[in-house]
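# Structural features, examined
So you can see what is in the structure, the chains are spelled out below.
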Amino acid sequence: VTYAYSVNIIESDITFDKREITVTVESASKEYDDTPLSLNAYALTEGTMAYSDSLGAVFNTSITDAGTVDNPPTFQIFRDEGGIAVDVTHLYEITTVKGKLTVTPRVLKIRTGSVEAIYNGNTISCEEFEVDPDTALIEGHTVTLVSAPSYVDCGTHKNLMVISVQDKDGVD
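The following refers to the structure shown. Everything numeric in this text was worked out from a predicted model, so none of it was measured.

## Remarks on the overall build of the protein chain
- Secondary structure summary: the protein chain contains zero helices and 13 strands in total.
- Traced from its N-terminal end to its C-terminal end, the protein chain shows the element sequence β-β-β-β-β-β-β-β-β-β-β-β-β.
- Against the compact-globule benchmark of 16 Å for 172 residues, the protein chain has a radius of gyration of 32 Å, which places it well outside the compact range.
- For the C-alpha atoms alone, the extent of the protein chain along its principal axes is close to 125 × 35 × 25 Å.
- The proportion of buried residues among the 172 residues of the protein chain is 22%.
- A separation threshold of at least 6 residues defines the contact pool for the protein chain, and within that pool the share at least 24 residues apart is 56%.

In structure tokens form, the structure reads like this:
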């Protein structure tokens, strides 16, 4: 009987909001050992995934030298539709709690040599040093003396040397 009516349709809106989730990226740290530090770890900490959706992440960050960097992943969300992965990332509002990667400086203790002399008008210095065995260098790394202080005045002075550490390729 629809033909017997004059139907006026009044349109309304249908709103479909993005699903909000928060993902926390884990942080990691280690002492410098001349190898890269990376971490591919995260957790869904607020919100939930819909249906058969699954969260994945790609991490491309690493750090080798002492310092700190952010570890920002790229997130993607897929829905399994009959064995086919369909990208539904655009249906989510993803808030990321950043993780950091930190490499702390390696402790290296250098014991400087000492010398005693009677004033004779010449400067005195001591270029001897040794690496404390409790703070060994990484294999292939070497320590080089850059400069040692020289003194002409009588008294006791600190032997504050400047040293440089090079890797296996001779790079400081």
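## Remarks on the pattern of salt bridges
- Scanning all chains against the criterion turns up seven salt bridges.
- Ionic pairing is found between R79 and D53, a salt bridge with its closest N-O pair at 2.9 Å. Taken together, the residues span a long stretch of sequence, with R79 in strand β6 (residues 74-81) and D53 in strand β4 (residues 53-58) at a distance of 26 residues.
- The exposure class assigned to R79 is buried, which follows from its relative accessible area of 18%.
- Of the charged contacts in the structure, one is a salt bridge between K168 and D169, with a shortest N-O distance of 4.0 Å.
- Using a relative accessible area of 59% as the deciding quantity, one classes D169 as exposed.

## Some points on the packing of aromatic side chains
- In total, this model carries two aromatic pairs according to the counting rule given.
- Judged by centre distance (5.7 Å) and plane angle (75 degrees), the ring pair of Y42 and F75 falls under edge-to-face. Placement of the pair is Y42 in strand β3 (residues 42-46) and F75 in strand β6, with a sequence separation of 33 residues.
- Assessed through its relative accessible area of 28%, Y42 is described here as partly exposed.
- Here F75 falls in the buried class, since its relative accessible area comes to 10%.

## Topic: unusual backbone geometry
- Positive phi values are uncommon outside glycine, yet D34 reaches one of about 70 degrees.
- Looking at the element boundaries, D34 is found in the loop between β2 (28-31) and β3.
- Of note in this structure, Y51 is not a glycine but carries a positive phi near 50 degrees.
- Mapped onto the elements, Y51 comes out in the loop between β3 and β4.

## Examining the environment of A4
- By secondary structure assignment, the location of A4 is in the segment before β1 (19-25).
- Once the C-alpha coordinates of A4 and E20 are considered, the two residues, 16 residues apart in sequence, prove to be 47 Å apart.

Criteria and cut-off values
- Residues numbered from 1 in each chain as written.
- Predicted model: local features only at pLDDT ≥ 70, side-chain atom pairs only at ≥ 80, totals over all residues.
- Heavy atoms only, no water.
- Helix = DSSP H or I, 4+ residues; strand = E, 2+ residues; numbered from the N terminus.
- Rg over C-alpha atoms; globule rule 2.2 N^0.38 Å.
- Buried < 20%, exposed > 50% of the residue type's maximum accessible area, 1.4 Å probe, protein only.
- Contact = heavy atoms within 4.5 Å.
- Salt bridge = Lys/Arg side-chain N within 4 Å of Asp/Glu carboxyl O.
- Phe/Tyr/Trp six-rings, centres within 6.5 Å; stacked < 30°, edge-to-face > 60°.

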